[in-house]
Amino acid sequence: MRKLPLLVLLTFVLVNAFAQNTSYQKAVKSFDAYVQNAMQLWKAPGLSVVVVKDNKVVFNKGYGMKDITTKAPFETSTLSICASTTKAMTAVCMGMLVDAGKVNWTDKVSDIYPELKLYDNYASSELTVKDLFTHNAGLGNADLLWVFDYGMDTIIHQIRYLKPAYSFRSSFIYQNLMYMVAGEVIHKISGIPWDRFIKDSLFAKLGMNNTFPNYRQSLVSNNHITPHYMYEDSVVETIPFIDSKTIDAAGGVWSCTDDMGKWIGFMLDSTKINGKRLLKQETYLELFKPQSIVTEDEFYPTKQLTHSHWTTYGLGWFQEDYRGRMVQFHTGSLDGAVAIAGLIPDEHFGVYMFANMDHTEIRHALLYKAMDLFVFNDDRTNWSKDLYQLYTKRFAAYKAEEAKTDSARVLHTKPSLELKNYAGNYHNEIYGDAGIALQGDSLVATFPNNINIDLSHWNYDTFLGRFEHKWYGKAFLRFNLNEKGNVSGFNFFGVEYNKEEE
């Protein structure tokens, strides 16, 4: 084969590089305009987004306000909540310990961390380190344990009382508890608490100096987002950030797109730092292997528009096919703020976005638009419009169900007993204590972590509860009576509480 002259070869490289940069410039211009238009449609107060392509940060920009009250700008250095996009970072931390020979993915958790016991003895004895990351251990969603802000020791103990929602490894239900356990296992194996391990072994090595393992440590900075919520009347208001002392390994990291660009680039470059791998190739590949099949109910509604043929979960990553490519992605959601990370490793493409409004699905719109523009050079699909319509229809269906429930209400009924007879202390084996108190001429329910609910009579012995944190919404609380006609307990969110004897 005849070699090309050096001058011709250099010319080819330069022309190719110029064409590539020109393509990026076009995509950058289109994406920038698209973000601004999408923000108006979704009424998002502020966001920042970074795009990495071919080992370079090709886009990184902040938009809007980090707080609608102060009007302070949302910048690429503004700290926001990674939430559940933290899970992929915790998986990398475990991968480091696997590479160090301190643990194997197939090791039994019971041998490493005997404090953890599951309701099902077989699952408890067979649960492996990898099972902590795949959402298929049989647990349903028990987020109330960390929402109530119990300590980790309490949460670990209470897990044994959670009855399986499905048989071990037979299905998929997304939950946070096993990732929280993974943080404890990392501590047990390494001798270093998860927050210090991830900070020293991952963030410091990547130069992510404005990234913190939890909210408490992030307070060294004064550049944070303020969470926001949009109520049904389309009014956007600020809400307080409610910290949890246990969610860290499952969703506690705070960062900014300046730093998340480094994280995305690191994951696209097979975890290389300055040309040297942090993880072995086989460990890196294990992160992206499909580990669990995600059921349709547990995947995102976006599937209705992407028409993916399969949906799976790796180690900290949701997975689907899009335009013939395998996409690794994950959302993050905590009260008043969201995040999303997306990768197409085969195309050396990644995107990360923060936004400071509760469950604003502008994140998915920008994820797919960025893929279209920077990978497929395609600007035809208006993802923002299409997804807005999709979620608007879903909300309308929810409101129709709510109206149906309202129409079934039996009017002009009264509680079986005087309100004072419903007051008292209640207990659930898993979630602990709750109280019902009579305040004036109405009832108030109290749960741990200062979660208070005003109760108004609905019909018979069912009351409609409105949360003091009004962005939590409302839910029914139904009292149970025993054969003597006395209050024996109540049901709230499907959880049964028994009344304690006075």
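Some thoughts on the overall build of the protein
Phase 1 of the analysis: In terms of regular secondary structure, the protein is built from 15 helices and 22 strands.
Phase 2 of the analysis: Expected size for 502 residues packed as a compact globule is a radius of gyration near 23 Å; at 25 Å, the protein falls within 12% of this value.
Phase 3 of the analysis: Counting only C-alpha atoms and orienting by the principal axes, one finds that the protein spans roughly 100 × 50 × 45 Å.
Phase 4 of the analysis: Counting every position in the protein, which comprises 502 residues, the buried fraction comes to 53%.
Phase 5 of the analysis: For the protein, the accessible surface area stands at approximately 23000 Å², while carbon and sulfur atoms represent 51% of it.

What about the nonpolar core?
Phase 1 of the analysis: Among the nonpolar cores identified, the biggest contains 153 residues, and Leu202 and Trp263 are the most heavily contacted of them.
Phase 2 of the analysis: Once you skip the residues sitting within four places of it in the chain, Trp263 turns out to touch Ala88, Met89, Val92, Leu202, Leu206, Met208 and Trp317.

Here we look at unusual backbone geometry
Phase 1 of the analysis: One non-glycine residue with positive phi stands out, namely Asp149, at about 65°.
Phase 2 of the analysis: Position of Asp149 relative to the elements: it lies in the loop between α5 (144-147) and α6 (152-158).
Phase 3 of the analysis: A positive phi is found at Asn274, a non-glycine position, where the angle reads about 50°.
Phase 4 of the analysis: With respect to the secondary-structure elements, Asn274 resides in the loop between β7 (272-273) and β8 (276-277).

Observations concerning the pattern of salt bridges
Phase 1 of the analysis: Inspection of every chain in the model, using the stated rule, returns 22 salt bridges.
Phase 2 of the analysis: The salt bridge partner of Asp32 is Lys61, with a shortest N-O separation of 2.9 Å. One end of the pair, Asp32, is in helix α1 (residues 6-42); the other, Lys61, is in strand β2 (residues 56-64), and 29 residues separate them in sequence.
Phase 3 of the analysis: Classification of Asp32 by relative accessible area gives buried; the value is 19%.
Phase 4 of the analysis: Judged by its relative accessible area of 31%, Lys61 is partly exposed.
Phase 5 of the analysis: Two residues, Asp248 and Arg216, come together in a salt bridge whose shortest N-O distance is 3.3 Å. Of this pair, Asp248 sits in helix α10 (residues 248-251) while Arg216 is found in helix α9 (residues 215-218), placing the two residues 32 residues apart along the sequence.
Phase 6 of the analysis: Residue Arg216 is classed as partly exposed on the basis of its relative accessible area of 36%.
Phase 7 of the analysis: Put simply, Glu232, Lys399, Glu402 and Lys474 are held in one network by salt bridges that share partners.

Some thoughts on the pairing of strand β15 (residues 424-428)
Phase 1 of the analysis: Across 5 bridges, β15 lies against strand β16 (residues 432-439) in antiparallel orientation. Across the sheet, residue Asn425 finds its bridge partner in β16, namely Gly435.
Phase 2 of the analysis: Adjacent in sequence and paired antiparallel, β15 and β16 are bridged by 3 residues.
Phase 3 of the analysis: Pairing analysis gives 2 bridges linking β15 to strand β22 (residues 495-499), with the strands arranged antiparallel. From the neighbouring strand, His427 faces β22, where its bridge partner is Asn498.

Re the environment of Cys82
Phase 1 of the analysis: Secondary-structure assignment places Cys82 in the loop between β3 (80-81) and α2 (86-99).
Phase 2 of the analysis: C-alpha separation for the pair Cys82 and Glu361, spaced 279 residues apart in sequence, amounts to 15 Å.
Phase 3 of the analysis: Apart from the residues lying within four places of it in its own chain, the contact partners of Cys82 are Met89, Val253, Trp254, Ser255, Met260, Gly332, Ala339, Tyr352 and Phe354.

Let's talk about helix α7 (residues 177-190)
Phase 1 of the analysis: When the terminal C-alpha atoms of α7 are compared, their 20 Å separation across 14 residues agrees well with the 20 Å that a helix rising 1.5 Å per residue should span.
Phase 2 of the analysis: Buried residues dominate α7, accounting for 11 of its 14 residues.
Phase 3 of the analysis: Taken together, the buried positions of α7 are occupied by Leu177, Met178, Tyr179, Met180, Val181, Ala182, Gly183, Val185, Ile186, Ile189 and Ser190.
Phase 4 of the analysis: Where α7 terminates, the next one or two residues include Gly191, which has phi positive at roughly 80°.

Quick notes on the confidence of the model for the protein
Phase 1 of the analysis: Chain-level pLDDT for the protein is 95 on average; 96% of the residues reach the 70-or-more range.
Phase 2 of the analysis: Under a pLDDT of 50 for its full length, residues 7-19 has, in the predicted model, 0 contacts with residues more than four places off or in other chains.

Digging into the sheet that holds strand β10 (residues 311-313)
Phase 1 of the analysis: As summarised here, the arrangement of the 8 strands in space is β2-β1-β14-β13-β12-β11-β10-β9, forming an open sheet in which the pairing is antiparallel. Only two strands of the sheet have a single neighbouring strand rather than two, namely β2 and β9 (292-293).

Things to note about the environment of Ser124
Phase 1 of the analysis: Here Ser124 shows up in helix α4 (residues 121-126).
Phase 2 of the analysis: Judged by its relative accessible area of 15%, Ser124 falls in the buried class.
Phase 3 of the analysis: Taking the C-alpha atoms as reference points, Ser124 and Lys108, separated by 16 residues in sequence, lie 9.0 Å from one another.
Phase 4 of the analysis: Setting aside anything within four residues of it in sequence, one finds Ser124 in contact with Ser110, Leu116, Lys117 and Leu118.

Some words on the packing of α2 against helix α8 (residues 194-206)
Phase 1 of the analysis: In the contact formed by α2 and α8, the axes pass within 10 Å of each other and the chain directions differ by 80°. Classed by the angle they form, the pair α2 and α8 counts as roughly perpendicular. In this structure, α2 uses Thr86, Met89, Thr90, Val92, Cys93, Met96 and Leu97 to contact α8, whose residues at the interface are Trp194, Phe197, Ile198, Ser201, Leu202 and Phe203.
Phase 2 of the analysis: Residues belonging to the contact of α2 with α8 are distributed by class as follows: 10 nonpolar, 3 polar and no charged.

Digging into the packing of aromatic side chains
Phase 1 of the analysis: Following the criterion strictly, the structure yields 48 aromatic pairs and no others.
Phase 2 of the analysis: Summarising the aromatic geometry, the rings of Phe148 and Tyr431 are spaced 6.5 Å apart at their centres and angled 90° between planes, so their arrangement reads as edge-to-face. Remark: Tyr431 occurs in the loop between β15 and β16 and Phe148 occurs in the loop between α5 and α6; sequence separation between them is 283 residues. Summarising the burial analysis for this pair, Phe148 and Tyr431 share the class buried.
Phase 3 of the analysis: One cation-aromatic arrangement involves Lys87 over Tyr179; the distance from NZ or CZ to the ring centre is 5.4 Å.

Conventions and cut-offs
- Residues numbered from 1 in each chain as written.
- Predicted model: local features only at pLDDT ≥ 70, side-chain atom pairs only at ≥ 80, totals over all residues.
- Heavy atoms only, no water.
- Helix = DSSP H or I, 4+ residues; strand = E, 2+ residues; numbered from the N terminus.
- Rg over C-alpha atoms; globule rule 2.2 N^0.38 Å.
- Buried < 20%, exposed > 50% of the residue type's maximum accessible area, 1.4 Å probe, protein only.
- Areas by Shrake-Rupley, 256 points an atom, 1.4 Å probe, with all protein chains shown as cover.
- Core = buried A, V, L, I, M, F, W, Y, C linked by side-chain atoms within 4.5 Å.
- Contact = heavy atoms within 4.5 Å.
- Salt bridge = Lys/Arg side-chain N within 4 Å of Asp/Glu carboxyl O.
- Pairing = 2+ DSSP bridges.
- Expected span 1.5 Å × (residues − 1).
- pLDDT = per-residue confidence, 0-100.
- Axes fitted to C-alpha atoms, helices over the stretch in contact; angles between N-to-C directions.
- Parallel < 35°, antiparallel > 145°, perpendicular 65-115°, else oblique.
- Nonpolar A, V, L, I, M, F, W, Y, C, P; charged D, E, K, R; others polar.
- Phe/Tyr/Trp six-rings, centres within 6.5 Å; stacked < 30°, edge-to-face > 60°.
- Lys NZ or Arg CZ within 6 Å of the ring centre and 35° of its normal.

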